[in-house]
Amino acid sequence: MKRITYLSALCFVFAFFLSANLFAQKRDIYELKTYHITSTAQEAMLDSYLERAFIPAAHRLGIAKVGVFKPVSSQADAGQKVYVFIPFKSLDELAAFENKLLKDQKYLTDGAAYVNAAFDNPPYKRIETSILQAMTGQPKFIESTLTGPKKDRIYELRSYEGPTERLYKQKVKMFNSGEMDIFTRLGFNAIFYAETISGANMPNLVYLTTHENMEKRDANWKAFGSDYKWVEMRDMEEYKNTVSKNDTRLLYPTDYSDF
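This section reports on the structure supplied with the text.

The rules behind each value
Residues numbered from 1 in each chain as written. Predicted model: local features only at pLDDT ≥ 70, side-chain atom pairs only at ≥ 80, totals over all residues. Heavy atoms only, no water. Pairing = 2+ DSSP bridges. Helix = DSSP H or I, 4+ residues; strand = E, 2+ residues; numbered from the N terminus. Axes fitted to C-alpha atoms, helices over the stretch in contact; angles between N-to-C directions. Contact = heavy atoms within 4.5 Å. Buried < 20%, exposed > 50% of the residue type's maximum accessible area, 1.4 Å probe, protein only. Arc of directions from axis to C-beta. Salt bridge = Lys/Arg side-chain N within 4 Å of Asp/Glu carboxyl O. Phe/Tyr/Trp six-rings, centres within 6.5 Å; stacked < 30°, edge-to-face > 60°. Lys NZ or Arg CZ within 6 Å of the ring centre and 35° of its normal.

## Let's talk about the sheet that holds strand β3 (residues 81-88)
Consideration 1: On the basis of which strands lie adjacent, the closed barrel formed by eight strands has the order β1-β3-β2-β8-β5-β7-β6-β4 and antiparallel pairing. Neighbouring strand axes in the sheet, compared pairwise and without regard to direction, differ in orientation by 35° on average.
Consideration 2: Of the pairings in the sheet, the one linking strand β2 (residues 67-71) to strand β8 (residues 245-253) comprises three bridges and is antiparallel in character. Its bridge partner being in β8, Phe69 is matched across the sheet by Pro253.
Consideration 3: Relative to the sheet, helix α6 (residues 165-185) contacts β5 (154-161), β6 (192-198) and β7 (204-211), its axis offset from that of β7 by approximately 20°.
Consideration 4: Relative to the sheet, helix α7 (residues 214-226) contacts β5, β7 and β8, its axis offset from that of β5 by approximately 40°.

Here you go:
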């Protein structure tokens, strides 16, 4: 009887720690939307909708933070895109979000100009959407600790495409096994690192780092390029030829962005 009780206790403890570990490893789901716009009128309509209707409604529905970013003036697509980052706790939460949004009467009222826009006066040209899952090395998004003026900040959105699924997974492993740690040590203030579940450029990973200004961003990357740990990882055989394309977007947060 004592042996049975002891084994039962061991099983309970094992199950407890297993469930706790699984809970700890639960990873965020992110929706990254890119609005393509063709005029300042569309930009103004979209800004008004996001600031006055969408973000307040998202907050009411339990989404604590929503990020809105635009290309800096030096980018070729400046004035042509608006990026919206929405973190969810699960795929179920993401799947239920739009229906809940459309049942929110205040949202429908506050966002009427956008929601009911005429076919010949749309608020955008098109929307691209990627669904992402946070990497195990940073399973939850982290708010930036920057305190400088938003207009000066550089939010760097990068997508690394892999030539094959196998090599892409090696690049993900590289991030989880030390590359994230280098970014943290050098002060890149990463908001998220994620694997793309559904998107246009798969297989690819996506991450967003933040810098006080362009000078700080350039200095951070210079330090990264010569960092001893990065050089060590870069030259490891298992991590060679894992990126076929690096797509880099330099952005700034809107005044109404949550981070």
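Next comes the rest of the account.
## Quick look at helix α3 (residues 91-102)
Consideration 1: Where α3 is concerned, the buried positions are Leu94, Phe97 and Leu101. Considered in projection along α3, the buried side chains sweep an arc of 35° and stay on one side of the axis. Residues of α3 that are exposed and point more than 90 degrees away from the buried face comprise Asp92, Ala95 and Asn99.
Consideration 2: Those residues of α3 that are buried lie in contact with β1 (29-36), α2 (40-60), β3, α4 (105-110) and β4 (126-134).

## Side note on the pairing of β1
Remember that side chains alternate between the two faces of the sheet whenever the strand is regular.
Consideration 1: Of all eight residues that make up β1, eight are buried, and the element is covered over most of its length.
Consideration 2: Of the two faces of β1, the one holding Ile29, Glu31, Lys33 and Tyr35 and the one holding Tyr30, Leu32, Thr34 and His36 are both buried throughout.
Consideration 3: Pairing of β1 with β3 involves eight bridges; the strand directions are antiparallel. Each residue of the ladder has a partner; that of Tyr30, found in β3, is Pro87.

## As for the pattern of salt bridges
Consideration 1: Under the defined criterion, the tally for this structure stands at 21 salt bridges.
Consideration 2: With a closest N to O distance of 3.0 Å, Arg249 and Asp77 form a salt bridge. Taken as a pair, Arg249 in strand β8 and Asp77 in the loop between β2 and β3 lie far apart in primary sequence, 172 residues in all.
Consideration 3: Sharing partners across several salt bridges, the network here consists of Asp77, Lys81, Asp247 and Arg249.

## Some remarks on unusual backbone geometry
Consideration 1: The omega angle of the peptide bond from Met202 to Pro203 is 0°, so this bond is cis rather than trans.
Consideration 2: In this fold, Pro203 is placed in the loop between β6 and β7.
Consideration 3: The phi torsion at Asn189 lies on the positive side, around 50°, for a residue other than glycine.
Consideration 4: Mapped onto the fold, Asn189 is located in the loop between α6 and β6.
Consideration 5: Here Asn241, not a glycine, exhibits a phi torsion of approximately 60°, which is positive.
Consideration 6: Residue placement: Asn241 occurs in the loop between α8 (228-234) and β8.
Consideration 7: Exposure remark for Asn241: the relative accessible area of 63% places this residue in the exposed category.

## Here's the deal with the pairing of β4
Consideration 1: Here β1 runs beside β4; their pairing, made up of eight bridges, is antiparallel. If you follow Lys33 over to β4, its bridge partner there is Thr129.
Consideration 2: The pairing of β4 with β6 spans four bridges and is classified as antiparallel. The partner of Ala134 across the bridge, within β6, is Ala194.

## Looking at the packing of aromatic side chains
Consideration 1: Going through the model one piece at a time under the given rule, you end up with 30 aromatic pairs.
Consideration 2: When the centroid spacing of 5.1 Å and the interplanar angle of 35° are considered together, the rings of Phe69 and Tyr155 count as tilted. Taken together, the positions of Phe69 in strand β2 and Tyr155 in strand β5 put the pair 86 residues apart, joining distant regions of the chain.
Consideration 3: Residue classification places Phe69 among the buried positions, given a relative accessible area of 2%.
Consideration 4: Exposure remark for Tyr155: the relative accessible area of 0% places this residue in the buried category.
Consideration 5: Considering the side-chain rings of Tyr160 and Tyr207, the 5.4 Å spacing of their centres and the 75° angle between planes classify their relative orientation as edge-to-face. A residue pair is termed long-range when its members are at least 10 positions apart, and Tyr160 in strand β5 and Tyr207 in strand β7 qualify at 47 residues.
Consideration 6: Classification of Tyr160 by relative accessible area gives buried; the value is 8%.
Consideration 7: Here Tyr207 falls in the buried class, since its relative accessible area comes to 0%.
Consideration 8: Put simply, the rings of Tyr160, Phe175, Phe183, Phe188, Tyr193, Tyr207, Trp221, Phe224 and Trp230 pair up and form one aromatic cluster.
Consideration 9: Against the face of Trp221 rests Arg158, its NZ or CZ located 3.9 Å from the ring centre.

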